Amino acid sequence: MAAHRCGPLKQQNKAHKGGRHRGRGSAQRDGKGRLPLKTLSKKVRKELSRVDQRHRASQLRKQKKEAVLAEKRQLGSKDGPPHQVLVVPLHNRISLPEAFQSLQDRDTGTVHLNDWGSTHSFMLLCPRMKHRWFFTSARPEDLHTVLDLAKVADTILFLLDPLEGWDSTGDYCLSCLFAQGLPTYTLAIQGISGLPPKKQIDARKKLSKVVEKRFPDDKLHQLDTQQEAGMLLRQLANQKQRHLAFRDRRAYLFASAADFVPNEENNLVGTLKISGYVRGQTLSVNSLLHIIGHGDFQMKQIDAPVDPFPLNPRVVKSQKDPAMAMEICDMDAVTDMEEDVKVLMKADPDRQESLQTEVIPDPMEGEQTWPTEEELNEAKDFLKESSKVVKKVPKGTSSYQAEWILDEDGESGGEGDEYDNVEHEDLMEEESQDESSEEEDEEEYETMTIGESVRDDLYDEKVDEEAEEKLLEKYKQERLEEMFPDEVDTPRDVAARIRFQKYRGLRSFRTSPWDPKENLPQDYARIFQFQNFTNTRKRIFKEIEEKEIEGAEVGWYVTLHVSAVPVSVVEHFRRGAPLIAFSLLPHEQKMSVLNMVVSRHPGNAEPVKAKEELIFHCGFRRFRASPLFSQHTAADKHKFQRFMTADTAQVVTAYAPITFPPASVLLFKQNSNGMHSLIATGHLLSVDPDRMVIKRVVLSGHPFKIFTKMAVVRYMFFSREDVLWFKPVELRTKWGRRGHIKEPLGKRMWCLEPCLDFPSATKSTGLEDHGSNSVLIRPTCCVFFLGTHGHMKCSFDGKLKSQDTVLMNLYKRVFPKWTYDPYVPEPVPWAKSEISSMVPEVDTE
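Owing to the predicted nature of the structure, the values given are computational and were not obtained by experimental measurement.

J.: Whenever I open this one, the overall build of the chain confuses me. Can you help?
T.: If you tally the helices and strands in the chain, you get 18 helices and 37 strands. Every one of the 845 residues in the chain was classed for burial, and the buried ones make up 43%. Contacts in the chain between residues at least 24 apart in sequence constitute 78% of all its contacts with a sequence separation of at least 6. As presented, the chain carries roughly 50200 Å² of accessible surface, and 51% of it is formed by carbon and sulfur atoms.

Spelled out as structure tokens, the structure:
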């Protein structure tokens with residue numbers, strides 16, 4: 001009887017994994033006394049019961065609510081600074097005196113009037129509401145005054161026209177304020193009661209649609225009567241405050257009074273006494289003080305005079321003369337009535353911040369000296385360690401045999417990384433040469449055709465023909481850059497190896513190494529750099545939150561004694577300009593390289609070239625500089641942009657004092673008539689001198705003769721020496737081909753006599769390859785080449801097309817110019833230009 005055999009479809013079960021199973025005792029023996037991991041805080045939260053979770057959530061809500069209420073009660077109370085309100089009329093038909101007259105209600109409280117030049121202000125004390133306000137005003141045409149007062153205002157009150165809301169000047173002012181950062185704001189309509197009753201409802205509906213674009217979900221208030229003004233005051237007092245990050249971590253002060261004491265040696269410089277309420281943070285006398293528009297200064301001392309505007313003054317009648325009355329401030333506000341002025345702090349020279357802004361470079365610092373024996377031994381040991389190479393060798397191979405084993409050469413995978421994520425259509429968009437660079441040659445352009453103006457003669461008289469020609473030339477350069485990015489014509493009068501001697505070729509723009517400390521300019525010896533900027537910023541902000549600083553507390557009325565201040569500061573204040581001071585954090589007076597991310601403002605289409613002088617409003621600072629533009633990427637190298645583009649965000653790099661972000665950035669350009677035009681807005685990115693901005697130039701050539709994978713290219717170079725010089729650099733085409741230069745082309749000639757008259761002749765000995773023949777020539781003979789047109793033989797990874805263009809990328813690092821100037825001239829009152837800002841059509845061939 002035959003035995004049963006299983007078929008091919010028999011089920012095959014997985015075999016059991018035999019072996020030793022770990023028990024509890026073996027696990028403890030293997031642990032050998034190791035302690036278990038500590039329980040994380042997240043697990044503790046998960047282990048809380050539902051009742052505990054609800055209780056914890058209610059506690060957090062209660063703490064946040066109490067913090068908001070404490071902030072509301074602090075602002076404008078007897079212990080805090082007055083509630084500062086900036087009134088901005090957004091239309092030229094709005095009357096500021098009428099608005100102030102409505103707010104100055106004698107029945108509501110006491111009014112103290114102040115008149116400082118063009119800036120009208122008054123203090124309103126309301127004991128019944130337990131609140132005090134300080135109202136200031138600024139016209140939208142006065143750009144610097146509006147932006148400076150908005151930096152320190154607690155609330156901005158925008159006055160709207162009942163028919164149009166705001167005009168062009170008001171819209172421009174709103175754009176600047178939104179870019180800088182808006183504090184708490186309120187919208188009020190003036191003059192709507194003057195309309196017929198039937199039209200008032202329609203006017204409010206139309207105005208709500210207009211306002212909704214900039215202020216969605218905001219309520220409109222009226223300001224025509226005393227009753228409406230009282231309701232508006234309650235709204236201002238109960239509003240939740242919005243915070244501006246750049247001022248919450250610094251102490252700042254709005255000067256209500258200023259006095260100047262000149263020095264004995266020089267009357268133009270002296271001590272400035274500024275009086276006002278401390279806001280933001282505690283003010284230390286050892287920190288530096290920045291007066292907006294004037295610079296950084298040191299303080300001598302801080303005094304505490306009597307508060308001139310107490311919320312609850314008491315009237316005490318004299319027993320000898322009942323007719324005489326004397327106002328005495330609240331006992332909580334003034335502790336010592338015998339002394340009018342109390343000195344709070346005096347500066348300590350050992351702890352006071354220095355005014356040094358730049359490093360004084362030592363020309364002998366980089367001088368090389370002969371190394372010592374210890375340094376030589378360390379260098380040898382380092383070379384031995386760095387020269388060790390790990391290789392895969394057969395077993396039993398000695399170290400001597402391993403030295404002769406070569407690694408297999410593999411092609412680098414980085415080739416082509418630069419254009420891995422770039423489509424061929426993007427390669428067709430090329431830029432032109434940057435004429436603003438010091439070393440760039442001016443390109444030869446074709447003539448342009450400008451259409452005849454259809455305006456009348458009066459319009460033509462207002463147009464500056466010279467300015468229009470310059471603007472048109474800029475538009476032409478910007479258009480050429482969009483079509484041919486970075487393309488440069490090879491010069492005929494200068495050798496390319498000399499013209500582009502500072503440039504280099506890169507196998508991959510993204511992955512190829514570039515030392516950030518290589519070939520730094522002389523200006524880098526004058527600036528400061530952080531070892532780790534992010535950690536320094538975190539440490540300083542943590543000290544502000546946790547460490548108790550000795551100085552004037554928030555809400556105190558103080559007098560600051562600022563030393564070495566020019567007399568022009570107090571003259572500027574007496575003419576009506578606001579005087580605002582910010583305390584500086586450590587290192588914020590020192591110069592470094594600032595990187596700011598900005599986006600083009602849609603209201604300005606004028607081309608802006610790199611290294612043009614621009615006006616910066618960075619946080620609480622104002623200065624002028626000539627910046628660089630570069631792409632905003634996450635790589636270690638960033639491509640230089642010759643013009644500010646309108647579609648993407650760019651990084652602006654310039655020399656400026658250190659400022660810790662967050663901080664808003666506004667870029668203005670001064671026109672020929674003195675007006676400042678807003679061209680870009682953004683924020684501060686970092687303070688990093690090692691951020692590399694790489695400029696690219698593209699040399700182009702035309703395929704003259706095309707073979708299977710070989711081609712003869714011309715017009716890229718015009719001499720044989722240039723072809724040999726740039727032979728190692730990789731080539732690419734606009735249609736995605738890649739290749740290399742094989743050899744230059746030219747007819748070779750031999751001279752049997754010594755010939756020293758030919759400048760391109762080279763000495764040669766031995767056998768020279770001439771086709772299939774070999775010629776023996778004498779050591780004294782010369783070989784020279786005819787035809788210096790620069791034709792070259794190139795090989796590619798595929799067949800070229802006749803309409804393709806051969807390109808060569810060259811790179812160099814660029815640095816900003818040291819053009820920092822803290823002085824910014826006062827702008828002319830802004831007005832909308834009558835000339836159309838549309839881009840003219842340029843005929844470029």
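J.: Quick question: what am I supposed to make of a negative patch on the surface here?
T.: Taken together, the side chains of E373, E374, E375, E378 and D381 make up a negatively charged region of the molecular surface. Relative to the helices and strands, E373 resides in helix α10 (residues 373–387).

J.: Would you take a moment to explain the packing of helix α4 (residues 96–103) against helix α8 (residues 226–238) for this structure?
T.: Two measures define how a pair of helices packs: the angle their axes make with one another and the distance between the axes. At a closest axis distance of 8 Å, the pairing of α4 and α8 adopts a crossing angle of 75°. Taken together, α4 and α8 sit at an angle that is classed as roughly perpendicular. Together, Q101, S102 and L103 of α4 and Q226, A229 and L233 of α8 make up the contact between the two elements. When grouped by side-chain class, the residues that make up the contact of α4 with α8 number three nonpolar, three polar and no charged.

J.: How should the packing of helix α5 (residues 143–152) against helix α6 (residues 168–180) be read in this particular structure?
T.: Where α5 contacts α6, the two axes come as close as 11 Å, and the packing angle between them is 35°. Two packed elements cross with a definite hand, and for α5 against α6 that hand is right-handed. Seen from α5, the contacting residues are L143, V146, L147, A150 and K151; seen from α6, they are Y172, C173, C176, L177 and Q180. Residue classes in the contact of α5 with α6 are distributed as eight nonpolar, one polar and one charged.

J.: Whenever I open this one, the nonpolar core confuses me. Can you help?
T.: Nonpolar side chains tend to gather and get buried jointly when the protein is soluble and globular. Grouped together as the largest cluster of nonpolar side chains are 53 residues, with contacts concentrated most on F158, F215 and F668. When near neighbours in sequence (up to four residues on either side) are disregarded, F668 contacts L143, L147, Y172, C176, L614, I615, H617, H676, S677, L678 and I679. L628, A656, A663 and I679 belong to the second-largest nonpolar core, a separate cluster that totals 34 residues.

J.: Would you mind going over the packing of aromatic side chains with me for this structure?
T.: Here the distance between the centres and the angle between the planes together describe a pair of aromatic rings. For the coordinates displayed, the defined rule picks out 23 aromatic pairs. Seen from the ring of F718, R492 lies directly overhead, with NZ or CZ sitting 4.2 Å from the centre. Between K590 and the ring centre of F528, over which it is positioned, the NZ or CZ distance is 5.0 Å.

J.: Got a minute to help me understand the pattern of salt bridges in this structure?
T.: Should their charged atoms come close, side chains of opposite charge can pair. Across all of its chains, the model carries 23 salt bridges by this definition. Note that E487 and K734 form a salt bridge whose closest N and O atoms lie 3.2 Å from each other. Taken as a pair, E487 in strand β16 (residues 487–488) and K734 in the loop between β29 (731–733) and β30 (738–744) lie far apart in primary sequence, 247 residues in all. The exposure class of E487 is buried, given its relative accessible area of 14%. K734 gets classed as buried once you look at its relative accessible area, which sits at 9%. Of the charged contacts, one joins D722 and R497 as a salt bridge, the two residues approaching to 2.8 Å between their closest N and O atoms. Pair noted here: D722 is in helix α18 (residues 720–725) and R497 is in helix α15 (residues 496–499), with a separation of 225 residues, a long-range link. Put simply, R93, D161 and E164 are held in one network by salt bridges that share partners.

J.: Mind showing me how you'd approach the side chain of H561 here?
T.: Its location among the elements puts H561 in strand β17 (residues 557–566). Overall, H561 belongs to the buried group, its relative accessible area being 10%. Polar side-chain contacts of H561 include one of 2.5 Å to the side chain of D303. Here H561 is in contact with T271, L272, K273, Q298, M299, K300, Q301 and D303, once residues within four sequence places are set aside.

The rules we used
Residues numbered from 1 in each chain as written. Predicted model: local features only at pLDDT ≥ 70, side-chain atom pairs only at ≥ 80, totals over all residues. Heavy atoms only, no water. Helix = DSSP H or I, 4+ residues; strand = E, 2+ residues; numbered from the N terminus. Buried < 20%, exposed > 50% of the residue type's maximum accessible area, 1.4 Å probe, protein only. Contact = heavy atoms within 4.5 Å. Areas by Shrake-Rupley, 256 points an atom, 1.4 Å probe, with all protein chains shown as cover. Patch = residues over 30% accessible without salt bridge, like charges linked within 9 Å, V, L, I, M, F, W, Y side chains within 5 Å. Salt bridge = Lys/Arg side-chain N within 4 Å of Asp/Glu carboxyl O. Lys, Arg positive; Asp, Glu negative; His and termini not counted. Charge placed at Lys NZ, Arg CZ, Asp CG, Glu CD. Axes fitted to C-alpha atoms, helices over the stretch in contact; angles between N-to-C directions. Parallel < 35°, antiparallel > 145°, perpendicular 65-115°, else oblique. Nonpolar A, V, L, I, M, F, W, Y, C, P; charged D, E, K, R; others polar. Left-handed = near helix turned anticlockwise from the far one by under 90°. Core = buried A, V, L, I, M, F, W, Y, C linked by side-chain atoms within 4.5 Å. Phe/Tyr/Trp six-rings, centres within 6.5 Å; stacked < 30°, edge-to-face > 60°. Lys NZ or Arg CZ within 6 Å of the ring centre and 35° of its normal. Polar contact = N/O pair within 3.5 Å; in protein donor to acceptor, adjacent residues only side chain to side chain.

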